[in-house]
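Chain and residue survey
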Amino acid sequence: MFLVSKIFWLVAQPLSLAFLALLVGVLLMLGRFRRSGGTLSAFGLAVLFVTLFTTAGSYFLQILEDRFPRPTPEPTELACIIVLGGAFENVVMASRGGMELNQAAERFVETLRLAQAYPQARILVSGGDGSLSGIYEGDAHASENFFGTFGIGSDRLIREGESRTTFENARYTRDLLAKNGLERCALVTSAYHMPRSIGLFRANGMEVTPWPTDYRTSGKVRLGFDFTQPSLNAQLATTAAKEWTGLVAYYLLGRTQTLLPR
């Protein structure tokens, strides 16, 4: 299933879909299927336009980010802090060394803040190598150096380094929480990723406190045209499409109980 999902996403992401639609459409028009080719090419151009020159990506990402607010006031006690991987540039680190974080770095920055605010809480880092090759060290491994740099002892860490997907994050985390007798946990991940994560954690019998971070939208986005930042629009549209696709797929596969958890 992991390999299938990776290959599917290579084709289904917006820019790839637009390119394939245009390519096949042109080939059809060069043959004897001009009408079908024209329709497919028009579809590809429409996907490309929406991806590059509208706020559709931001808008649908914002819907996901608004589903789970941070707890207010913050709880007086937490037994553990679960953080989902995806913040370290493991490919770069494998060749250059050091500690390299990507756009999702706030997951670990916020976890560090919580670790300092709740000094008795354990920190469970869930994240293995999600690449197709499977030859890199995941976030669970890299996290020990990160937290150690800021004075967080390795005795507070629980590392889950086998998961490659959010589904596996939830499944393997459930076993580790049971093994360590941990409850009253916060779940830290990107705000847009929180609905899918909560849906999977609930389906695996875990009630956690959602702790969203790494917001990508202002919270005030409306649908419309935007010709000022096509590269950013494409990035946000790709992230939104991936997350919504994951929500639908997990629901249809019976891995979550609701399509869009609240």
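Our subject is the structure listed above.
What comes next is a walk through the structure. (Residues numbered from 1 in each chain as written. Predicted model: local features only at pLDDT ≥ 70, side-chain atom pairs only at ≥ 80, totals over all residues. Heavy atoms only, no water.)

1. Section: helix H7 (residues 139–149)
Those residues of H7 lying buried are Asp 139, Ala 140, Ala 142, Ser 143, Phe 146 and Phe 147. One side of H7 carries all its buried residues, which in axial view fall inside an arc of 145 degrees. For H7, the exposed residues set more than 90 degrees away from the buried face come down to Asn 145 and Thr 149. On its buried side, H7 packs onto helix H5 (90–96), helix H6 (106–117), strand E2 (122–126) and strand E3 (157–160). In the stretch just after H7, Gly 151 is the one whose phi turns positive, near 80 degrees. (Buried < 20%, exposed > 50% of the residue type's maximum accessible area, 1.4 Å probe, protein only. Helix = DSSP H or I, 4+ residues; strand = E, 2+ residues; numbered from the N terminus. Arc of directions from axis to C-beta. Contact = heavy atoms within 4.5 Å.)

2. Side note on the side chain of Glu 65
Take Glu 65: it is sitting in helix H4 (residues 56–65). One buried charged residue, Glu 65, remains without a salt bridge, the closest side chain of opposite sign being Arg 216 at 5.8 Å. Filtering out sequence-adjacent residues up to four positions away, Glu 65 remains in contact with Ala 191, Tyr 192, Asp 214, Tyr 215, Arg 216 and Thr 217. (Lys, Arg positive; Asp, Glu negative; His and termini not counted. Salt bridge = Lys/Arg side-chain N within 4 Å of Asp/Glu carboxyl O.)

3. Quick word on a nonpolar patch on the surface
Where nonpolar side chains cluster on the molecular surface, the patch consists of Leu 3, Ile 7, Leu 10, Val 11, Phe 19, Leu 20, Leu 23, Val 24, Val 26, Leu 27, Leu 30 and Leu 132 and spans about 1,100 Å² of accessible area. Structurally, Leu 20 can be placed in helix H2 (residues 14–30). (Patch = residues over 30% accessible without salt bridge, like charges linked within 9 Å, V, L, I, M, F, W, Y side chains within 5 Å. Areas by Shrake-Rupley, 256 points an atom, 1.4 Å probe, with all protein chains shown as cover.)

4. Quick notes on the environment of Gly 86
The residue Gly 86 is located in the loop between strand E1 (80–84) and H5 in this model. For Gly 86 and Pro 119, which are 33 residues apart along the polypeptide, the C-alpha to C-alpha distance reads 24 Å. For Gly 86, the contacting residues outside a window of four places in its chain are Asn 102, Ala 104, Arg 107 and Asp 139.

5. So, the sheet that holds strand E4 (residues 185–190)
Ordered in space as E3-E2-E1-E4-E5, the five strands form an open sheet in which the pairing is parallel. With one partner strand each, in any of the chains shown, E3 and strand E5 (209–213) form the two edges of the open sheet. Neighbour to neighbour, the strand axes of the sheet diverge by 20 degrees on average, direction disregarded. Packing of H6 onto the sheet brings it into contact with E1, E2, E4 and E5, and relative to E1 it is tilted by some 170 degrees. Most of the contacts of H7 go to E3, to which it runs at about 155 degrees, and overall it touches E2 and E3. (Pairing = 2+ DSSP bridges. Axes fitted to C-alpha atoms, helices over the stretch in contact; angles between N-to-C directions.)

6. Some thoughts on the side chain of Glu 243
Structurally, Glu 243 is set in helix H10 (residues 230–252). The residues touching Glu 243, leaving out its near neighbours within four places in the chain, are Leu 64, Tyr 192, His 193 and Arg 196.

7. Observations concerning the state of the cysteines
Throughout the structure, instances matching the rule amount to one disulfide. The disulfide partner of Cys 80 is Cys 185, and the gap between their sulfur atoms is 1.9 Å. Measuring handedness by torsion sign, the sulfur bridge of Cys 80 and Cys 185 sits at about 115 degrees and is right-handed. With Cys 80 in strand E1 and Cys 185 in strand E4, this residue pair connects regions lying 105 residues apart in the sequence. Taking the relative accessible area as the measure of exposure, Cys 185 reaches 2% and is therefore buried. (Disulfide = S-S within 2.5 Å.)

8. With respect to the nonpolar core
With 24 residues, the main nonpolar core has Ile 81, Phe 108, Ile 123, Val 125, Phe 147 and Trp 211 as its most contacted residues. Those elements that provide at least two residues to this core are E1, H6, E2, H7 and E4. Core analysis: the next-biggest nonpolar cluster, separate from the first, contains 20 residues, Ile 82, Leu 176, Phe 201 and Tyr 250 among them. (Core = buried A, V, L, I, M, F, W, Y, C linked by side-chain atoms within 4.5 Å.)

9. Some points on unusual backbone geometry
The peptide bond linking Thr 72 to Pro 73 adopts the cis configuration, its omega dihedral lying at 0 degrees. Position of Pro 73 relative to the elements: it lies in the loop between H4 and E1. A positive phi angle, near 50 degrees, is found at Arg 184, a position not held by glycine. Position of Arg 184 relative to the elements: it lies in the loop between helix H8 (166–180) and E4.

10. As for the pairing of E4
For E4, the tally of buried residues reaches six of six residues, placing the bulk of the element in the interior. One ladder, built from four bridges, connects E1 with E4; its direction is parallel. Bridge assignment links Cys 80 to a residue of E4, and that residue is Cys 185. Crossover handedness for the path E4 to helix H9 (residues 194–203) to E5: right-handed. (Right-handed = clockwise from strand over helix to strand, strands pointing away.)

11. Comments concerning the pattern of salt bridges
According to the stated counting rule, one finds nine salt bridges in the structure shown. One salt bridge connects Arg 184 with Glu 77, and the closest N-O pair in it is separated by 3.1 Å. In this pair, Arg 184 sits in the loop between H8 and E4 while Glu 77 sits in the loop between H4 and E1, placing the two residues 107 residues apart along the sequence. Looking at Glu 77, the relative accessible area reads 49%, which means it is partly exposed. Salt-bridge contacts for Asp 175 lead to Arg 174; the nearest nitrogen and oxygen are separated by 3.4 Å. A relative accessible area of 42% places Asp 175 in the partly exposed class.

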